[in-house]
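What follows is the residue order along each chain.
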Amino acid sequence: MMEEVRDVSSDLSVHGHNIKITDVLQDGDILTFIIISQKLSGTGEYHVDRTFDDFEWLQQHLFSQEDVPGIQGVIFPPLPARAQVNASAKVMKQLGLLALGEWQPYCRALETFLRQVAAHCILSKNKALEVFLTSTDPPGRQKIRKNIFNRLSHAVEEMRKEGHKDVDEFFQTERGHNLALTGFTKTAAEKFLDVVLTEQKIAVAYGHFSASLHLCVEAGEDPEKQAFSRVCVKLSEVFDSMKKSMMSVAVNDMSTLGLGLDLESRYQEAEKEMLFRRTCKLVELENARKNAERAKPVKKTAMEEVKEATEAEFVLTCEVAKQEILQFKRERVEMLQRALVQWSEKQLLTAKESADVFDQHLQAFKAMA
């Protein structure tokens, strides 16, 4: 139950930076992810299997820590949208690059989510994370109550607060930057997805042309037909190599910069939600101050106490939020830098391997002359 897993004083018994999702099992429409984490004691590993319901269970417990000071200033690591077998067009659009590559990109995204939660100085103390990573029982079967963080920024009655002018120039500026970057990173991720999809289509076309060349092969003793057939077979091998090279390029795109842009896009949305929660707290504080000023003598003391409590909560939320934003910027720059470096390195390696293969094909053609 919720009360049984809200011990925020506990520490993880695993190495959070080395959590791995090693496999995904499919049973009908249900996907089960195999998660391995190394014990801090050094005596072995925890092996657990979790469905997406379990991941949502963990996320909801992290969202539900209203009693943790400053929790509303936290930028929560974003959980990817639910993956589905034979997903609808809407789900495919939500997943973007994570819907490609036979689940590997999606497993990497879930793995990153767990590592980021485990590395967070506040969220890693929630007992739910320890249960999720080490318990043999599936935790996600329990029903938990809704909470104030559950899709808060999408609540219609709160949308009017998004444009509320901030009293702190730091946060007002950050809201403007976040609004712009949210749009830019989403567009970049979508455009990069278009690139990958085009690369995959080109690879398929190469494969079809490679197979079609075999239709030109003719049997018989005619020397010219035999020579033409040899050329067709060799050209088929060339286009098959081109197919493999292009598929490698697409896989490299997905596993490096693609995942980086996807994570960046989802994290900008997570920061947007945090900034909105803080804005709601600001509006709540302004209302509390007005109520205290207008309160009649009989209610003055009570209203002053509410105002002071709200002020204290708002100040702490701002302190946590500033720390989160600064950490967020450092980590996102480093993450995108790693993604770009890995992307360049993998594409360079693929280009060199392809060049060697094409050189072999060229030498084979010269030998046929």
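Residues numbered from 1 in each chain as written. Predicted model: local features only at pLDDT ≥ 70, side-chain atom pairs only at ≥ 80, totals over all residues. Heavy atoms only, no water.

Engineer: In this structure, what is going on with the nonpolar core? I would like to understand it.
Structural biologist: Nonpolar side chains in soluble globular proteins tend to be buried together. With 41 residues, the main nonpolar core has Phe33, Ile35, Phe55, Leu58, Leu114 and Leu133 as its most contacted residues. Contributions of two or more residues to this core are made by β1 (20-27), β2 (30-38), α1 (52-63), α2 (89-95), α3 (104-119) and α4 (127-134). A total of eight residues in this core trace back to one element, the largest contributor, which is α3. Counting residues in each nonpolar core, the second largest holds 15 residues, with Tyr267, Ala270, Leu275 and Phe328 among its members. (Core = buried A, V, L, I, M, F, W, Y, C linked by side-chain atoms within 4.5 Å. Buried < 20%, exposed > 50% of the residue type's maximum accessible area, 1.4 Å probe, protein only. Helix = DSSP H or I, 4+ residues; strand = E, 2+ residues; numbered from the N terminus.)

Engineer: In this structure, what is going on with the environment of Glu224? I would like to understand it.
Structural biologist: Inspection of the secondary structure assignment puts Glu224 in helix α6 (residues 223-294). Using a relative accessible area of 67% as the deciding quantity, one classes Glu224 as exposed. Between the C-alpha atom of Glu224 and that of Met246, which follows or precedes it by 22 residues, the distance is 33 Å.

Engineer: Help me understand the sheet that holds β2, please; the structure alone is not making it clear to me.
Structural biologist: Where strands meet in a sheet, backbone hydrogen bonds hold them as pairs that are either parallel or antiparallel. Spatial strand order, β1-β2-β3: three strands in an open sheet with antiparallel pairing. On the outer flanks of this sheet lie β1 and β3 (45-50), each paired with one strand and no other. Neighbour-to-neighbour, the strand axes of this sheet turn through a mean angle of 20°, independent of strand direction. Strand direction decides the pairing type here: β2 and β3, joined by six bridges, are antiparallel. Bridge pairing in β3 links Ser37 to Tyr46. α4 rests against β2 and β3 of the sheet, and its axis sits at about 90° to β3. (Pairing = 2+ DSSP bridges. Axes fitted to C-alpha atoms, helices over the stretch in contact; angles between N-to-C directions. Contact = heavy atoms within 4.5 Å.)

Engineer: Quick question: what am I supposed to make of the packing of α1 against α3 here?
Structural biologist: A pair of packed helices can be characterised by two numbers: the angle between their axes and the separation between those axes. Viewed as axis vectors pointing N to C, α1 and α3 meet at an angle of 30°, and their least axial separation amounts to 13 Å. It follows that α1 is roughly parallel to α3 by the angle criterion. Of the two elements, α1 crosses α3, and the hand of that crossing is left-handed. Between α1 and α3, the residues in contact are Phe52, Phe55, Leu58 and Leu62 and Tyr106, Leu110, Phe113, Leu114 and Val117, respectively. When its residues are assigned to classes, the contact of α1 with α3 shows nine nonpolar, no polar and no charged. (Parallel < 35°, antiparallel > 145°, perpendicular 65-115°, else oblique. Left-handed = near helix turned anticlockwise from the far one by under 90°. Nonpolar A, V, L, I, M, F, W, Y, C, P; charged D, E, K, R; others polar.)

Engineer: Would you mind going over the pattern of salt bridges with me for this structure?
Structural biologist: Opposite charge on two side chains lets them pair, provided their charged atoms get close. A complete count under the given rule lists 15 salt bridges for this structure. In this structure, the salt-bridge partner of Asp166 is Arg278, at a minimum N-O distance of 2.5 Å. Of the two residues, Asp166 is situated in the loop between α4 and α5 (169-213) and Arg278 in helix α6; the sequence distance between them amounts to 112 residues. Assigned by exposure class, Asp166 and Arg278 land together as buried. Of the charged contacts, one joins Lys234 and Glu237 as a salt bridge, the two residues approaching to 2.9 Å between their closest N and O atoms. Within this pair, Lys234 and its partner Glu237 are both found in helix α6, separated by three residues, close to a single helical turn. Residue Lys234 is classed as buried on the basis of its relative accessible area, which comes to 17%. Taken together, the shared-partner salt bridges in this structure form one network comprising Asp53, Glu56 and Arg82. (Salt bridge = Lys/Arg side-chain N within 4 Å of Asp/Glu carboxyl O.)

Engineer: Would you explain the packing of α5 against helix α7 (residues 297-368) in this entry?
Structural biologist: Orientation of α5 relative to α7, taken along the N-to-C sense of each, is 25°, at an axis distance of 13 Å. Put simply, α5 runs roughly parallel to α7. Where α5 crosses over α7, the handedness of that crossing is left-handed. Of α7, the residues touching α5 (which contributes Phe170, Phe171, Glu174 and Phe192) are Cys318, Ala321, Lys322, Ile325, Lys329 and Trp343. For the contact of α5 with α7, the class distribution of residues is seven nonpolar, no polar and three charged.

Engineer: Help me understand the environment of Ser210, please; the structure alone is not making it clear to me.
Structural biologist: Tracing the chain through its elements places Ser210 in helix α5. Given a relative accessible area of 7%, Ser210 falls into the buried group. Once the C-alpha coordinates of Ser210 and Val238 are considered, the two residues, 28 residues apart in sequence, prove to be 7.8 Å apart. With near-sequence residues (within four places) excluded, Ser210 lies in contact with Ser236, Phe239 and Asp240.

Engineer: I'm lost on α6 in this one. Help?
Structural biologist: For an α-helix, 3.6 residues make a turn, and residues three or four places apart therefore share a direction. Helix length check: α6, at 72 residues, gives a terminal C-alpha distance of 104 Å against a target of 106 Å (1.5 Å per residue), a fit within 8%. The largest bend in α6 is about 40°, located at Gly258. The distance from a side-chain oxygen at the start of α6 to the backbone nitrogen of Glu224 is 2.9 Å, and the residue carrying that oxygen is Asp222. (Expected span 1.5 Å × (residues − 1). Bend = angle between axes of the 7 residues up to and from the residue. Polar contact = N/O pair within 3.5 Å; in protein donor to acceptor, adjacent residues only side chain to side chain.)

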